[in-house]
Amino acid sequence: MITREQIASVLDHTVLDEGGKKIGEAKHVFLDDATGRPEWVSVKTGLFGTSETFVPIRDATVVEDHTEVPYPKNMVKDAPHVDVDSGGHLSQDEEHRLYEHYGLDWDESWSRANQPGEGGWAHGGETGAAGAAGTARGAGAPDAAGSADASGTTADARRGAGDDAMTRSEERMHVGVERRETGRARLRKYVVTEEVERTIPVRHEEVRVEREPITDANRDAAMSGPDIGEAEHEVVLHEERPVTETETVPVERVRLTAEERTEQETVRGTVRKERIEGSAEEIDDDRDGMGPERR
């Protein structure tokens, strides 16, 4: 929670979101009418700081030279537009829209601001709900508080005057999801060597001696040489041997894809609710048998 003493440390300093991302520079701090505590800060966002967006600082923290707010940057940038120069005060409609945008409970904040000791209904009838009023500028001095009518009574004071009703509040649980990294997958290609076996037919030549008798058909060829002498005849033999070679060819394409699966998960939490009970007591004031005295 930001205190009034820390306003000077907030103004003109960087504002970071819940994830540590820079949202912009804090330019104005708005105080709660009832408690006088810092309730909102306007942050310069957009290109060259051309936009000014409101963000609650009820749960913000001043860390060294910057302020951290428990909201994501996109939520702050998408907040309803409010004119900062509209008299230094937020109307109930403007604040209501801001409360709805940030998921804050308007009735709960109003009740808390008007509890005894919290500043509600003080200063001679001048008060306000949990609405932001009074802009802290420079060193953090607040301007005048919320708007009042000609009688000097604010709109929230008129709402509370003569009100005999009690506000019942309850907590509501909002469930969302966050995306986080659970692991990484990668493809890696490496080379392995394996033995390959193939069976193929191979041929070879062998020498076989053939003898044939002399006949009339081959007599002339047999008598063409010398009668008796030495001679040689050579035959060249051949054989086949297996030869291997390798070539590289593409066989398939492999890629990683992420598939999104949806599962149902039950979230349990506790919320508090207020209950209101009424009771009545009958007063028996019988005087001298005359029945109850009428006043």
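Please read all numbers here as calculations on a predicted model, not as lab measurements.

Some remarks on the confidence of the model for the chain
Summarising the model, the chain shows a mean pLDDT of 76, and 73% of its residues fall at 70 or more. Taken element by element, the chain is modelled with least confidence in strand β7 (residues 132-136), mean pLDDT 37, and with most confidence in strand β6 (residues 66-68), mean pLDDT 91. The model gives residues 116-160 a pLDDT under 50, and that stretch makes 107 contacts with residues more than four places away or in other chains.

Looking at the nonpolar core
In terms of nonpolar packing, the biggest core is built from 26 residues, with Val29, Trp40, Val41, Val55, Val69, Leu98 and Tyr102 touching the most fellow members. Every element with two or more residues in this core is listed here: α1 (7-10), β2 (22-32), β3 (38-45), β4 (51-56) and α3 (92-101). Looking at this core element by element, the count peaks at five residues for β2.

Details of the pairing of β2
Burial analysis of β2 places eight of its 11 residues in the buried class, which makes it a mostly covered element. Both strand β1 (residues 14-16) and β2 contribute to a ladder of three bridges, which runs antiparallel. When the sheet's bridge partners are listed, Leu16 is paired in β2 with Lys22. Between β1 and β2, which pair antiparallel and follow one another directly, the connecting turn spans five residues, one of which, Gly20, has a positive phi of 85°. Pairing of β2 with β3, which is carried by six bridges, proceeds in the antiparallel orientation. Bridged to Ala26 within β3 is Val43.

With respect to the pattern of salt bridges
Under the definition given, this model contains 14 salt bridges. In this structure, Arg58 engages Glu39 in a salt bridge whose closest nitrogen and oxygen atoms are separated by 3.1 Å. Pair noted here: Arg58 is in the loop between β4 and β5 (61-63) and Glu39 is in strand β3, with a separation of 19 residues, a long-range link. Note on Arg58: relative accessible area 14%, which makes it buried. For Glu39, a relative accessible area of 8% gives the class buried.

What to know about the packing of aromatic side chains
Under the criterion given, the structure shown has four aromatic pairs. Taking 5.0 Å as the distance between ring centres and 55° as the angle between the ring planes, the aromatic pair formed by Phe30 and Phe54 counts as tilted. In this pair, Phe30 sits in strand β2 while Phe54 sits in strand β4, placing the two residues 24 residues apart along the sequence. Given the relative accessible area of 0%, Phe54 is considered buried. Among the aromatic residues, those joined into a cluster by ring pairs are Trp40, Tyr71, Tyr99 and Tyr102.

Here is what the cut-offs are and how they apply
- Residues numbered from 1 in each chain as written.
- Predicted model: local features only at pLDDT ≥ 70, side-chain atom pairs only at ≥ 80, totals over all residues.
- Heavy atoms only, no water.
- pLDDT = per-residue confidence, 0-100.
- Helix = DSSP H or I, 4+ residues; strand = E, 2+ residues; numbered from the N terminus.
- Contact = heavy atoms within 4.5 Å.
- Core = buried A, V, L, I, M, F, W, Y, C linked by side-chain atoms within 4.5 Å.
- Buried < 20%, exposed > 50% of the residue type's maximum accessible area, 1.4 Å probe, protein only.
- Pairing = 2+ DSSP bridges.
- Salt bridge = Lys/Arg side-chain N within 4 Å of Asp/Glu carboxyl O.
- Phe/Tyr/Trp six-rings, centres within 6.5 Å; stacked < 30°, edge-to-face > 60°.

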